[in-house]
Structure formats: structure tokens, C-alpha cells
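The lines below spell out each chain.
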Amino acid sequence: MFWGNRKTLKMNYFPDEVLEHVFDFISSHKDRNSVSLVCKSWYKIERYSRQRVFIGNCYSISPERLIARFPGLKSLTLKGMPHFADFNLVPHDWGGFVYPWIKALAKSRIGLEELRLKRMVVSDESLELLSKSFLNFKSLVLVSCEGFTTDGLAAIAANCRFLRELDLQENEVDDHRGHWLSSFPESCTSLVSLNFACLKGEINLGAIERLVARSPNLKSLRLNRAVPFDTLQKLLMQAPQLVDLGTGNFVHDPSSEAYNKLKSAIQRCKSIRSLSGFLEVAPHCMSAIYPICANLTFLNLSYAPGLHGNDLTKLIQHCRKLQRLWILDCIGDKGLGVVASTCKELQELRVFPSDLIGAGNAAVTEEGLVHISAGCPKLNSLLYFCQQMTNAALITVAKNCPNFIRFRLCILDPQKPDPVTNQALDEGFGAIVQSCKGLKRLSLSGLLTDQVFLYIGMYAEQLEMLSIAFAGDSDKGMLYVLNGCKKLRKLEIRDCPFGNEALLEDVGKYETMRSLWMSSCEVTLGGCKTLAEKMPSLSVEIINEIEQMEFSLDDMQKVEKMYLYRTLVGHRKDAPEFVWIL
Amino acid sequence: MESGCSKNGEACPQFLDLIPQQRDWHVKREDERRHGSSEEKKLELRLGPPGEDNWSIKEATKNNTRERDESLLLLGYFSSMKSNGKQTHKLPTPEDHPVGSALSTPWTKIHQHNHQQQTQPQSFLQFPSTSPQSLLVAAKESSQPCCTKAVDFQNAEKKAFSPPANTAVPSNSSQKRTAPGPVVGWPPVRSFRKNLASGSSSKPASETPSVVPHKVANEKPATQPSGKGLLVKINMDGVPIGRKVDLRAYDSYEKLSTAVDELFRGLLAAQRDSFAGGTENKQEEEKVVMGLLDGSGEYTLVYEDNEGDRMLVGDVPWHMFVSTVKRLRVLKRSELSALSLGSSKQRKIPA
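Residues numbered from 1 in each chain as written. Chains lettered and ligands numbered in written order. Predicted model: local features only at pLDDT ≥ 70, side-chain atom pairs only at ≥ 80, totals over all residues. Heavy atoms only, no water.

Overview of the overall build of chain B
For step 1, the next point in the chain: Assigned secondary structure in chain B consists of 13 helices and 5 strands.
For step 2, the next point in the chain: Within chain B, the fraction of its 351 residues that count as buried is 44%.
For step 3, the next point in the chain: The long-range share in chain B, meaning contacts at least 24 apart out of those at least 6 apart in sequence, stands at 63%. (Helix = DSSP H or I, 4+ residues; strand = E, 2+ residues; numbered from the N terminus. Buried < 20%, exposed > 50% of the residue type's maximum accessible area, 1.4 Å probe, protein only. Contact = heavy atoms within 4.5 Å.)

Below, the structure written as C-alpha cells:
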């Protein structure tokens, strides 16, 4: 009888397999983590059935513990360097090496099938080891990584017999221009996704043509700028089933034969929903893609500075179903107006700066954003680099779009006030956090006082990640945030007047967060030391690129860069000389 | 949150409800302003004499806090600026600057612009005062699609300006973070995107320069300089077919210029004949390509050097030019301003 005594009915009357089956429906990492905390038996069942693990900070846990807990692991996501590394604030060689992970996994019995890395250092040796250690390896996704060359890619191509996905996004790859593409054996026909847009060197055009021809399942193909126009046409002829296309070089003569061929090839690609690339392009070339615009849901023109306002708007007018748009600010405010009136389904907009040397090219202002907010009520994710912003505009945007999950505003001139009223942008951002109750990620810019942080602390209840630069007046600002945002996981601050008082007020808070970055603030060495003493579960790193000698003696000295994170495995052993772990 | 508020003794409840259901916020905001002004006055007093390096904005805004009366004028000024197509809000166009200024850092450019933007209002203080009404009108004009939504704000503005607007209050502790030069890591874009304005991908200097093949008719990588004969490709705007010149055959820029003239005259003629039906005046063509070097003609000569940069021909001594040139291009002068010359890693513009 397996029902047991009704009075003391316990959950473990279900056999493990049943619970496992139930847990199969729970896919989100957070939920699975919660499930594992319910009771010992759920913990056990969950850990044996867990296939996908996400580790947001590779130094928070060790590969050995990962392997011990999740023997059924198939897919691992790892993140290394802190976010500000993207903007050159973290020196090279800081860390984030993937090799120890691959080595440990290779030694174990884990049948790894998928590896997704972000901001990690990936060597050719790790790629080679990876390619040889896991028979069923299917998917490699590298985002903003560095340290490898095309030789490592050749190893992956050659040895991963069932490779489905090789996705390289914005990595720094040393391109030896070898024939890595030719390393895919003739027997490899399993590719579903291939993205090498970030590679800078030439590739073997014949090899890519043959590879695409023998990959009937290929759904996503993103080429680099070395792939010329007529090769693109041949590839499209071979792969009309593509869903996601990234063009390489898109320059051609519209009166040429190649152009006509491409037009007809594109017209056969009725499944393309996502379009990117255009790494080399001229305005007159874009008409070739008009036939597929009507069905596009994602369009990324953010690497195409050759297209100006009018060209962009002409194109966008064909794209009524767009949900995500990444574009350069040469589109201008008027262009954004066209987006607003055309793309009613828009959920995500990213407007990148095209002109970082101040040559006076078109940029966007608050007007463009207000147009978008008025026309695109479904907007929930924004990254917007602009010349200026006003409180009024932000208030309007907040009213029009209460659904923001991600709101990242970057006014190119730091500490720039509202140009109309000359005030800080506290009220505007305050309106955003008050209106957007689901806001999870926020980046601030412009002139900001402590007031904005008060608003954030009060209203941004779901906020998980906050990026602050050149803002605030005193420790109060940081305290408002730390006290108020209960769900805060990542806080990154640069050039703000926050010091030890704010840092040390509630040291336990940092255990509830993934990490805290503070650079060019008022925090001193003494403050960091105190924190490290009080919280052994944190790793407090001081990144110091100047001479260490004088630095180490004076507790009153301000710390240039501090990065702290919670960890279960103590201080890392691979820190370079310029990183001092307290 | 609440504990934080009560500690400070600020009127926290006033700050609630920024976007009220029934526009109560506008009233509350006014209350908050009045109430908050004492706090802000305190902050104002804290503004000591500025340190060495301050943003021009900071100085200007400090001035503005003392000159509240003029804030209304400022608003009028900015609104009229806005309705004039916002030219003054944009960075200066390339035409305003000599080519060399393209080399200045993003930071100093924006910095200079702020100087302009902030000092101008003060010189306009003599203008007849424009009331908040004009601001409202301007706001309506300049933001058509959202004008109904902007109505709320207009009311807020009216109320907000009846007590003199408290302007921004930067604290003096921020002096530490004001840097005089380019700011590291700002704006926060990945290096991949950094050089897009110049049109190329960002190549770290350590990488071996890769040859980028083009799909423009006939373009192939330029030949390497050898002992004798230095053949470089030369293309001209509007002419899909390029030529090659042997730089060793000339010993000065003038001779090169003449040779380029001759090279393309024929091609241009052939093109015009095929397009226009052969009624072109030969003399006109000949004039067209002259003046390549002195900036007087319709075209100008540029070259790409061994670092991948696009440079104006004629700046360096001839022998230095010959040793660094990789390819030549004849551009229409009108297109010159659209390029940023001299910045690193230029993208080749397709013909």
C-alpha cells in the first residue's frame, strides 16, 4: 500500500519519477532553485533531473561542486567579467577563464551538450579540449569573449560531430584566416545555427557554400563582412528555409546581374523573420530586401553607418511587424517618428550612437523617444543613446509605456541637465520607476541628485540591475537604493560620491546580491577592508592598475575600482597581480 | 524605505504618486517644490567656490541658480531654440570645422558644445522675456504626435514656474568626478561599436591587418610597393571601373594630379556619352577634374595609407606619401564633408 496513513500524508508518497516528471515542466532557473529548497527529497530529485544550469558569476562556485550536485548536467551557462568590462573599465587578464571548467567537466562523466559563455577568457586549448571531450556536444555560444583564435574554432568544427549551433557574438577573435570553415567534415550536416559575424578575416567562400548546401536544418546564418554579395545570393539559394539572416558585405551595383539574382533568391526565403549584418552597405542596396520586410520581427541595422535617415525610414516603412529594432542614431528623431507610426508591435528598441568623435552627425533627442512611446505601447525594453533628455519627455514616456522591463538611457554628455528647465532628471526617472512596476533593469544618465535614488528605492520594487554613472550628491543616494530595492542583484556604480558610510551601512545586503561594482567613488581601502572582515562570504576585490607599493599602506586612500561578489568557494586563486582580494 | 525617509526628515509622502490618476501630482509637485526648496537652499549653500576642473555646465547651472529671474527667459530661449529645428542642440556639423578637428576626442567636442550652449543664454538675457506660454506653444509645435499627451505636462509647467524654478543643484563633491579630458569608458558602448562613425569595424591594433574583399566591380587588394614600379589602384566617384597608376613614374604631386586628370577624363567622357546621348561639351569635362589638389575643382584626391586611414593628398612630402600610400580615390568635394577624414580604420566607401 503506498498511500500510507492519511493523517500524516506526506508529499513523498509520489514516487520520484512522478515528481521528476512534474519538475520537467519547470524550466526557469529561479523556479528550479526554489523547488530544490522545499525539502530534502525534492532537493535530491531536482538535482538529479536538472539539465540546465546558469551560473551568473563563474567565481561564485567551483566546477567540482557543480559536477557533484548536478550529475545530469547537459547545458551550462557561465558569465565571467563584470559588465563594465565592456567599456574597458576592467583590465585584460582580470580573469574569467573557462579552461578550469572545461577541464573539470571533461574529467567527469558529465555529458555536456551545450556551453554558453559571456565575458570569459576562452583559449584555443579550452576549445580543443571541449571539442574532444563530449561526444554529444551540440551547441557553443560565445558572447563578448576573448582569448581564442580561428584555430580553436577549427577544432570545434572538426571534432564536434553533431554540432548544431556555433554562435559567436561580438567576440575578440584573433583571426588567422585559416580554413576553419573547411574543418567541418563533409559528414557534418547537423548545423542549425551558424554565426561568425564578428570574425574579421577572410573565409573560404567555397567552404561556406558547401557547408550551407549540406545543412538542410540550417535556420540561422550570420556572415561576416568578408562574405561578398554574390556569395550571399548563392547561400540563400541553398537555404530558403532560413529564419535568421545576417548579411556580410551588402554592397553591389543595383543594375548588376548579381543584384537581380539576390532579389529572386531573397524572395524565396519566406521564413526570414530576423535580419542583421549589413556590415558594409550603401543606401541603394537596401531595396533588395524589401520583399522580406513585411514579415520581419527583428531588424538590426546597428552596424550599418552608411545608411542615413531617409534610407532607414524608407526601409522601416516596409516592416510593420517589427518587434525588435536595433538601429543607429542617424535615423534621427523624425525617423523614429516613422518607426512609431509603422511598427505598432515594437517591444524592444535600441538606438546606438553612430558618432563618437563629435563630427556632428545626426543624433536623437527626447523627441524621438516620445514619438516612440506614443506610437508603440508594447514597448518594454529600451536602450537609447541620445544628445539630451528632458523631464517632461520622460514623464510622457512613463505614462505611455508602463510596461518597461529594461530601461537604459544614455545621454552622451554625462551630467547633462534637462536643457529646457536646466534641472536634474530626477523627476523624469522618478516617473519611469513609479509607472513601470515591472522594471527589472535600469541605467541612468544625465544630471541626477540623491532625489532620483530616493524614487528608485521607493518605487522600483522589481529592480534587479542598476547602472549609475556621474550621479548623486551623497551617501544617501546609494543608501536609498540599497535599502529600498529588495530584489537588487547587480549594482554597478562609477564616478559617484558614494563612500564608506553607504558601503558599510548594511553589509548583509551584498549576500543577497550577485555583485557590486564601484569605481571612482569615495570608498576607501579601509572601508573595503572593514567590509571584507565582516563578510567572509564575500570576495572583495580591489583592482589597482597603478603602483601597489604606496597604495597598500594607507587605509584612507580612495579605491579606484572595487568589485565584490558573493561566493561559496572563497577567494579565487587565479587573480592577477593588479587584483588584490581583501 | 520608510526608515530611510524618516531619518532624513524629508517630506517623503509628498513624493508619492508622481503620476497620479487624476493629475494630483501636479499639485503635489508644486507643494514638493515649495517644501523642498529649503532642502535645496541648503544644498545651494553647500556649493562652495568651484575647484580647478569643473564642467562648464556646472558653472553655468550654478550661475543659473542665482539668477532665478532669468530662468523664465532661459526657458523661452530654449523653447525658441527648439522650435527652430533644434540646430543649436546638435553638435556642430563637420562643415563648421576644418578637417583636422575630426581628430579631437569625443569628449572635448561635446565639451565645447556645452560651452556654446551654456554661455549663449546669458548673452540673450536682453531679449524680451518670453513667457511660459511660448514654451507651451513651442512644445506643442515641436512634438506633434504627442501633443495631447504633452498637455498634462504643459499644465505642470505652468504651475512649476509660478514659484521660480529651482534649478539643478550639483554638489561640490562632484568636482572629483569631473574630468577635463576624455572620460574612460564613456559613452558606454562596446569597442565593437566604437569606430562605426568612421565606417569600419573596430580592429584592435594588435591584429594582423586583414584584407577585406569588396564586391564593387573590379576591386582587388592593392599591390605591395616593390623596388621599381609602384602600382596603386585609383577609383573615382561615379565611375565603377577603376584604374591603376604607377607612382614611381611621378616625382611630385602636380604630376600625379595631371596624370589622374587624364586617366579619368576618358572614362568620364565614355560614361557621359552612354548616359546623355553624346551631347556633352568636351571642355566642361576637362575642367571638371582639374583642381584636384588645391581644392578648387569639383573633385578632390584622397588616399588610403598603410594604417587604413583615409587622408587628403598633399600634406606630407612626396616620398613619404609614396611609401605609405596604398590606394587612391577621387572624391566629389561635396562628399568630403560627409566623411570623417583621418580617423583610424576607415571603411572603404563603395563606388
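Some thoughts on the overall build of chain A
For step 1, the next point in the chain: A count of helical and extended segments in chain A gives 21 helices and 25 strands.
For step 2, the next point in the chain: Burial analysis of chain A (582 residues in total) assigns 65% to the buried set.
For step 3, the next point in the chain: Within chain A, residue pairs in contact and separated by at least 24 positions form 70% of the contacts whose partners lie at least 6 positions apart.
For step 4, the next point in the chain: Accessible surface, chain A: about 21100 Å² in total, of which carbon and sulfur atoms supply 52%. (Areas by Shrake-Rupley, 256 points an atom, 1.4 Å probe, with all protein chains shown as cover.)

Structural notes on the environment of S139(A)
For step 1, the next point in the chain: Its place among the elements puts S139(A) in strand β4 (residues 139-143).
For step 2, the next point in the chain: Within the structure, the side chain of S139(A) is placed 2.6 Å from the side chain of E165(A), a separation counted as a polar contact. (Polar contact = N/O pair within 3.5 Å; in protein donor to acceptor, adjacent residues only side chain to side chain.)

Side note on the packing of helix α1 (residues 16-23) of chain A against helix α3 (residues 40-49) of chain A
All names here are of chain A.
For step 1, the next point in the chain: Where α1 meets α3, the axes come as close as 10 Å, and the angle between the chain directions of the two elements is 60°. Note on packing geometry: the crossing formed by α1 with α3 is right-handed. Touching D16, L19, E20 and F23 of α1 are W42, K44, I45, E46 and S49, all from α3.
For step 2, the next point in the chain: A class-by-class count of the residues in the contact of α1 with α3 yields 4 nonpolar, 1 polar and 4 charged. (Axes fitted to C-alpha atoms, helices over the stretch in contact; angles between N-to-C directions. Left-handed = near helix turned anticlockwise from the far one by under 90°. Nonpolar A, V, L, I, M, F, W, Y, C, P; charged D, E, K, R; others polar.)

Considerations on the sheet that holds strand β5 (residues 325-332) of chain B
Residue and element names in this part refer to chain B.
For step 1, the next point in the chain: With mixed pairing, the 5 strands of this open sheet are ordered in space as β2-β1-β5-β3-β4. If you trace the sheet from one side to the other, it starts and ends with β2 (239-246) and β4 (310-312), each paired once. Taking the axes of each pair of neighbouring strands and ignoring which way they run, one obtains an average angle of 30° across the sheet. (Pairing = 2+ DSSP bridges.)

Digging into a nonpolar patch on the surface
For step 1, the next point in the chain: Residues F14(A), V18(A) and V22(A) make up a contiguous nonpolar surface patch of about 210 Å² in total accessible area.
For step 2, the next point in the chain: Considering the arrangement of structural elements, one finds V18(A) in helix α1. (Patch = residues over 30% accessible without salt bridge, like charges linked within 9 Å, V, L, I, M, F, W, Y side chains within 5 Å. Salt bridge = Lys/Arg side-chain N within 4 Å of Asp/Glu carboxyl O.)

Concerning the pattern of salt bridges
Opposite charge on two side chains allows them to pair when their charged atoms are near.
For step 1, the next point in the chain: Inspection of every chain in the model, using the stated rule, returns 26 salt bridges over all chains.
For step 2, the next point in the chain: As a salt-bridge pair, R222(A) and D244(A) come within 3.0 Å of each other at their nearest N and O atoms. Remark: D244(A) occurs in strand β10 (residues 244-246) and R222(A) occurs in strand β9 (residues 220-222); sequence separation between them is 22 residues.
For step 3, the next point in the chain: D574(A) is paired through a salt bridge with R572(A); the nearest N and O atoms lie 3.0 Å apart.
For step 4, the next point in the chain: Its relative accessible area of 28% is what places D574(A) among the partly exposed residues.
For step 5, the next point in the chain: Among the charged side chains, a network of salt bridges with common partners joins D86(A), R119(A), E170(A), R190(B) and R193(B).

Section: helix α5 (residues 99-107) of chain A
For step 1, the next point in the chain: Taken together, the buried positions of α5(A) are W101(A), I102(A), A104(A) and L105(A). Along the axis of α5(A), the buried residues cluster in a sector spanning 165°; they form a single face. (Arc of directions from axis to C-beta.)

A few points about the environment of I581(A)
Residue and element names in this part refer to chain A.
For step 1, the next point in the chain: Relative to the helices and strands, I581 is located in strand β25 (residues 579-581).
For step 2, the next point in the chain: Between the alpha carbons of I581 and S539 there is a distance of 6.8 Å; along the sequence they are 42 residues apart.
For step 3, the next point in the chain: Excluding anything up to four places from it in sequence, I581 contacts S539, V540, E541, H571, R572 and A575.

Focus on the environment of E464(A)
Residues and elements named next belong to chain A.
For step 1, the next point in the chain: You can see E464 is positioned in the loop between α17 (450-459) and β20 (465-469).
For step 2, the next point in the chain: When its relative accessible area of 10% is taken as the criterion, E464 is described as buried.
For step 3, the next point in the chain: Apart from residues no more than four positions distant in its own chain, E464 is found in contact with K30, K440, K487, L488, R489 and K490.
For step 4, the next point in the chain: Polar side-chain contacts of E464 include one of 3.1 Å to the side chain of K30.

Remarks on the nonpolar core
For step 1, the next point in the chain: Membership of the largest hydrophobic core comes to 191 residues, with the highest contact counts inside it found for L76(A), F196(A), F250(A), F407(A), I456(A) and L516(A).
For step 2, the next point in the chain: If sequence neighbours within four positions are ignored, F250(A) has contacts with F229(A), L232(A), L262(A), F278(A), E280(A), V281(A), A282(A), C285(A), M286(A), A288(A) and I289(A).
For step 3, the next point in the chain: Membership of the second largest hydrophobic core comes to 23 residues, among which are V232(B), V239(B), L263(B) and V330(B). (Core = buried A, V, L, I, M, F, W, Y, C linked by side-chain atoms within 4.5 Å.)

Structural notes on the pairing of strand β17 (residues 381-386) of chain A
In regular strands, side chains alternate between the two faces of the sheet.
Residues and elements named next belong to chain A.
For step 1, the next point in the chain: Within β17, 6 of the 6 residues are buried, which leaves the element mostly enclosed by the surrounding structure.
For step 2, the next point in the chain: Of the two faces of β17, both are covered, the one formed by S381, L383 and F385 as well as the one formed by L382, Y384 and C386.
For step 3, the next point in the chain: When β17 meets strand β18 (residues 406-411), the two strands line up parallel, connected through 6 bridges. Within β18, the position partnered with S381 by the bridge is R406.
For step 4, the next point in the chain: On the question of chirality, the crossover connecting β17 to the parallel β18 by way of helix α15 (residues 391-400) is right-handed. (Right-handed = clockwise from strand over helix to strand, strands pointing away.)

A closer look at the packing of aromatic side chains
For step 1, the next point in the chain: Throughout the structure, instances matching the rule amount to 22 aromatic pairs over all chains.
For step 2, the next point in the chain: Ring centres of Y253(B) and F321(B) lie 5.3 Å apart, and the angle between their planes is 55°; this geometry places the pair in the tilted category. With a gap of 68 residues between them, Y253(B) in helix α10 (residues 253-276) and F321(B) in helix α12 (residues 318-324) connect regions that are remote in the sequence. Comparing Y253(B) with F321(B) shows no difference in burial state: the two are buried.
For step 3, the next point in the chain: Just above the ring of W94(A) sits the side chain of R572(A); from NZ or CZ to the centre is 4.3 Å. (Phe/Tyr/Trp six-rings, centres within 6.5 Å; stacked < 30°, edge-to-face > 60°. Lys NZ or Arg CZ within 6 Å of the ring centre and 35° of its normal.)

Here's the deal with the confidence of the model for chain B
Residues and elements named next belong to chain B.
For step 1, the next point in the chain: On average, residues of chain B score 53 in pLDDT, and 26% of them reach the 70 mark or higher.
For step 2, the next point in the chain: Every residue in residues 1-17 is under pLDDT 50, and counting partners more than four places away or in other chains gives 31 contacts.
For step 3, the next point in the chain: Under the prediction, the complex receives an ipTM of 0.85, its pTM being 0.67. (pLDDT = per-residue confidence, 0-100.)

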